[in-house]
Amino acid sequence: MTAYLGAACGAVFLSIVVSFVIPQGKLAKTITFVLRMVCIAVLVSPLAKIFTISDEQFDDMVDYDYICSVYSRNQSDALEECLEEQFGVASECDVQISYGDDGFYAQSVEVCLIGSYGNLRDEIYEYLQEADYINITVYEKSV
């Protein structure tokens, strides 16, 4: 509370001193307006703390499991499209996204190639490794 009162008194004092020092004219009105806004901002600043949400409250409000499931589905669909464009294969992908201390990350990737593609399975595996996926599984399912 002491810091708040000191800041408020300092802002008002600065405003008074500047109002004596500034020359008269069009610029004086602008400077006076700016100083009044600064004083109001300093006086109202404790009210802003009422409306802030702490990190703990924010974490309680967020459903990370739901976000991970939606993110997983979107990443799986995007990987299927990417494999179609890169390799011309039909596939069903399952990218598992998790949330941890470092944020969201891909926990595992499973790619089911629909049809028989021979050594293309190894190329896709290497492609996913280069893309920094971990726990990669690539297999074929005959039609």
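Shown above is the structure to which this text applies.
Going along each chain's sequence as written, the residues are numbered from 1 onward. Whole-chain, interface and lining totals are the exception, using all residues; otherwise, since this is a predicted model, local features are given only for residues with pLDDT of at least 70 and side-chain atom pairs are given and counted only at 80 or more. Side-chain numbers come from the whole structure's heavy atoms, not from hydrogens or water.

Trainee: Any chance you could explain helix α2 (residues 26–50) here in plain terms?
Mentor: In an α-helix, one turn spans 3.6 residues; hence positions three or four apart end up facing the same way. Per the convention used, a helix needs a DSSP run of H or I reaching at least four residues, while a strand needs a run of E reaching at least two, with both numbered from the N terminus. To estimate the expected span of a helix, count its residues, drop one, and scale the result by 1.5 Å. A rise of 1.5 Å per residue sets the reference length of α2, with its 25 residues, at 36 Å; its end C-alpha atoms lie 38 Å apart and thus fit the reference within 8%. At Val44, α2 is deflected by roughly 45°, the largest bend along its length, and proline Pro46 occurs up to four residues later in sequence. When α2 is considered as a whole, its buried residues turn out to be Ala28, Leu35 and Cys39. Values of bend correspond, residue by residue, to the angle between axes fitted over the seven residues ending at that residue and the seven starting there. When accessible area is computed with a 1.4 Å probe and restricted to protein chains, residues below 20% of their type maximum are described as buried, those above 50% as exposed, and intermediate ones as partly exposed.

Trainee: Just checking my understanding: could you explain a negative patch on the surface for this structure?
Mentor: Grouping into patches uses exposed residues only, defined as over 30% relative accessible area, and leaves out salt-bridged ones; the cut-off is 9 Å for like charges and 5 Å for nonpolar side chains (Val, Leu, Ile, Met, Phe, Trp, Tyr). Reported accessibility uses the Shrake-Rupley method at a 1.4 Å probe radius. Residues are deemed covered only where the shown protein chains occlude them. Salt bridge, as used here: a side-chain nitrogen of Lys or Arg that lies within 4 Å of a carboxyl oxygen of Asp or Glu. Asp and Glu are treated as the negative residues and Lys and Arg as the positive ones, with His and the ends of the chain left uncounted. Positions of charges follow a simple convention, taking NZ of Lys, CZ of Arg, CG of Asp or CD of Glu. Together, Asp122, Glu123, Glu126 and Glu130 give the surface a local cluster of negative charge. Along the chain, Asp122 falls in helix α5 (residues 120–130). On the basis of relative accessible area, Asp122 is assigned to the partly exposed category, the value being 46%.

Trainee: Where do I start with the sheet that holds strand β3 (residues 136–141) in this structure?
Mentor: Picture the strands of a sheet paired through backbone hydrogen bonds; they go either parallel or antiparallel. Strand order in the open sheet made by the three strands is β1-β2-β3, with mixed pairing throughout. With one partner strand each, in any of the chains shown, β1 (91–100) and β3 form the two edges of the open sheet. When strand polarity is set aside, the average angle formed by the axes of neighbouring strands in this sheet is 15°. Inspection of the sheet shows strand β2 (residues 103–114) paired to β3 by six bridges, in the parallel sense. Directly across from Ile114, in β3, lies its bridge partner Lys141. Contacts are residue-level and defined by heavy atoms, with any inter-residue pair within 4.5 Å sufficient. The axes used here are C-alpha line fits, helices contributing only the stretch in contact, and every angle between their N-to-C directions lies in the interval 0 to 180 degrees. Along the sheet face, helix α4 (residues 64–87) touches β1 and β2 and points at about 145° away from the line of β1. Relative to the sheet, α5 contacts β2 and β3, its axis offset from that of β3 by approximately 155°. When DSSP finds at least two bridges between two strands, those strands are taken to pair.

Trainee: Quick question: what am I supposed to make of the packing of aromatic side chains here?
Mentor: Aromatic rings considered in pairs are described by the distance between their centres and by the relative angle of their planes. Pairing of aromatic rings covers Phe, Tyr and the six-membered ring of Trp, with a centre-to-centre limit of 6.5 Å; geometry is then stacked below 30 degrees between planes, edge-to-face above 60, and tilted otherwise. Taken as a whole and assessed by the stated rule, the structure comprises five aromatic pairs. Each ring, one from Tyr64 and one from Tyr99, has its centre 3.9 Å from the other, and the planes form 5°; the classification is stacked. You can see Tyr64 sitting in helix α4 and its partner Tyr99 sitting in strand β1, a full 35 residues away along the chain. Residue classification places Tyr64 among the buried positions, given a relative accessible area of 18%. Tyr99 gets classed as partly exposed once you look at its relative accessible area, which sits at 37%. Consider the rings of Tyr64 and Phe104, whose centres lie 6.3 Å apart with planes at 55°: the pair is tilted. Of the two residues, Tyr64 is situated in helix α4 and Phe104 in strand β2; the sequence distance between them amounts to 40 residues.

Trainee: Would you mind going over the pattern of salt bridges with me for this structure?
Mentor: Side chains bearing opposite charge may pair, as long as their charged atoms lie close to each other. Taken as a whole and judged by the stated rule, the model has three salt bridges. Note that Asp77 is salt-bridged to Arg73, the shortest N-O span being 2.7 Å. Of this pair, Asp77 and Arg73 both sit in helix α4, four residues apart, which is roughly one turn of that helix. Relative accessible area serves as the criterion here: at 31%, Asp77 is assigned to the partly exposed category. Note that Glu92 is salt-bridged to Lys141, the shortest N-O span being 3.9 Å. In this pair, Glu92 is assigned in strand β1 and Lys141 in strand β3, connecting sequence segments 49 residues apart. The partly exposed category is assigned to Glu92, whose relative accessible area is 41%.

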